[in-house]
Amino acid sequence: MTSPELLPILRYPDPRLHTVARPVAQVDDRIRTLIARMLATMYDAQGIGLAATQVDVHERLIVIDVSEERNQPMVLINPAVEWASAETRKGEEGCLSVPGIYDGVERPVAVRVRAQDEHGAERTIEAEGLLAVCIQHEMDHLMGKVFVEYLSPLKRNRIKTRLAKAQREAVRG
């Protein structure tokens, strides 16, 4: 069996990262193929989460795997937060669309999310710690928001400049 074809990951500040994703209308073979390709892309990029928005597909679909062994993929289709803890914590975050950049973001420490799995079955996930952060981070992508938007305008501009420079150098090769 061949592994699924990898997808190109959009890089910040690509304007397509600010597209609000529409709901997945039907969980079918097209979506299951997209899930397989997104998981392969996420694992290849050494990430723990990937939203469809990041691969230029603007539908409400997230894949996550926060396990040490990288063998517990989680699929969230049309996720919705039902509850978030009042307690928050500032944690270091990074993003496959913002390579090499890490900074602190304040988020609820626990969430309860309702979503469909890759078979269309409705499920509720109660998450805390890294999984809760990852779910919130990826759900932000579905709303067209990148984690650097939580940072000060000065930090955001520095990041844009740094990434633009890295991209120019990569093109020159």
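Residues numbered from 1 in each chain as written. Predicted model: local features only at pLDDT ≥ 70, side-chain atom pairs only at ≥ 80, totals over all residues. Heavy atoms only, no water.

Draft legend 1. View of the overall build of the protein chain. A tally of helices and strands in the protein chain yields 3 helices and 7 strands. Ordered by position in the sequence, the α and β elements of the protein chain form the string α-β-β-β-β-β-β-β-α-α. Here the protein chain has a C-alpha radius of gyration of 16 Å; the compact-globule value for 173 residues is 16 Å, and the two agree. In terms of its C-alpha atoms, the protein chain occupies a principal-axis envelope of roughly 45 × 45 × 30 Å. (Helix = DSSP H or I, 4+ residues; strand = E, 2+ residues; numbered from the N terminus. Rg over C-alpha atoms; globule rule 2.2 N^0.38 Å.)

Draft legend 2. Seen up close, the sheet that holds strand E6 (residues 110-116). Reading across from one edge, E1-E2-E3-E6-E7 is the order of the 5 strands in this open sheet, with antiparallel pairing throughout. Looking at which strands have only one partner, the edges of the open sheet turn out to be strand E1 (49-51) and strand E7 (122-128). On average, each strand axis in the sheet is tilted by 40 degrees relative to the strand beside it, whichever way the strands run. Here strand E2 (residues 61-64) runs beside strand E3 (residues 74-84); their pairing, made up of 4 bridges, is antiparallel. The residue bridging Ile64 from the neighbouring strand is Met74, located in E3. (Pairing = 2+ DSSP bridges. Axes fitted to C-alpha atoms, helices over the stretch in contact; angles between N-to-C directions.)

Draft legend 3. The arrangement of the pattern of salt bridges in detail. The full count for this structure, using the stated rule, is 14 salt bridges. Glu93 is the salt-bridge partner of Arg107, the closest N and O atoms lying 2.6 Å from each other. You can see Arg107 sitting in strand E5 (residues 98-108) and its partner Glu93 sitting in strand E4 (residues 88-95), a full 14 residues away along the chain. The pair Arg107 / Glu93 is uniform in exposure class, with both members buried. The shortest N-O distance in the salt bridge between Glu169 and Lys165 comes to 3.9 Å. (Salt bridge = Lys/Arg side-chain N within 4 Å of Asp/Glu carboxyl O. Buried < 20%, exposed > 50% of the residue type's maximum accessible area, 1.4 Å probe, protein only.)

Draft legend 4. Spatial organisation of the state of the cysteines. Inspection of every chain in the model, using the stated rule, returns 0 disulfides. Unpaired in this structure, Cys95 has its nearest cysteine sulfur neighbour in Cys134, at a distance of 10 Å. Residue Cys134 is classed as buried on the basis of its relative accessible area, which comes to 4%. (Disulfide = S-S within 2.5 Å.)

Draft legend 5. Representation of the side chain of His141 in the model. Within the fold, His141 resides in helix H2 (residues 129-142). Since its relative accessible area comes to 0%, His141 is described here as buried. Other than its neighbours up to four places away in sequence, His141 contacts Leu17, Thr19, Ala51, Thr53, Gln54, Cys95 and Val146. (Contact = heavy atoms within 4.5 Å.)

Draft legend 6. Structural detail: the pairing of E5. Where E4 lies against E5, 7 bridges are found, and the strand directions are antiparallel. Directly across from Gly91, in E5, lies its bridge partner Val105. Joining the antiparallel neighbours E4 and E5 is a turn of 2 residues.

Draft legend 7. Representation of the side chain of His137 within the structure. With respect to the helices and strands, the residue His137 is situated in helix H2. Within the local environment of His137, its side chain forms a polar contact with the side chain of Glu93, the two groups lying 2.7 Å apart. Contact partners of His137, with chain neighbours within four places excluded, come to Glu93, Gly94, Cys95, Arg107 and Phe147. (Polar contact = N/O pair within 3.5 Å; in protein donor to acceptor, adjacent residues only side chain to side chain.)

Draft legend 8. Spatial organisation of the pairing of E3. In terms of strand pairing, E3 meets E6 through 5 bridges, oriented antiparallel. Bridging across to E6, Ala84 finds its partner in Val111.

Draft legend 9. Spatial organisation of the nonpolar core. Residues Ile35, Met38, Leu50, Leu61, Val63 and Ile77 are the most contacted members of the largest nonpolar core, which totals 18 residues. Where this core is concerned, the elements lending two or more residues are helix H1 (29-44), E2 and E3. Looking at this core, the element that brings in the most residues is H1, giving 6 residues. When residues no more than four places from it in sequence are discounted, the contact partners of Leu50 are Met38, Thr41, Met42, Val55, Leu61, Ile62, Val63, Leu96 and Glu138. Counting 17 residues, the second-largest nonpolar core is a separate cluster that includes Ile62, Leu76, Val113 and Met139. (Core = buried A, V, L, I, M, F, W, Y, C linked by side-chain atoms within 4.5 Å.)

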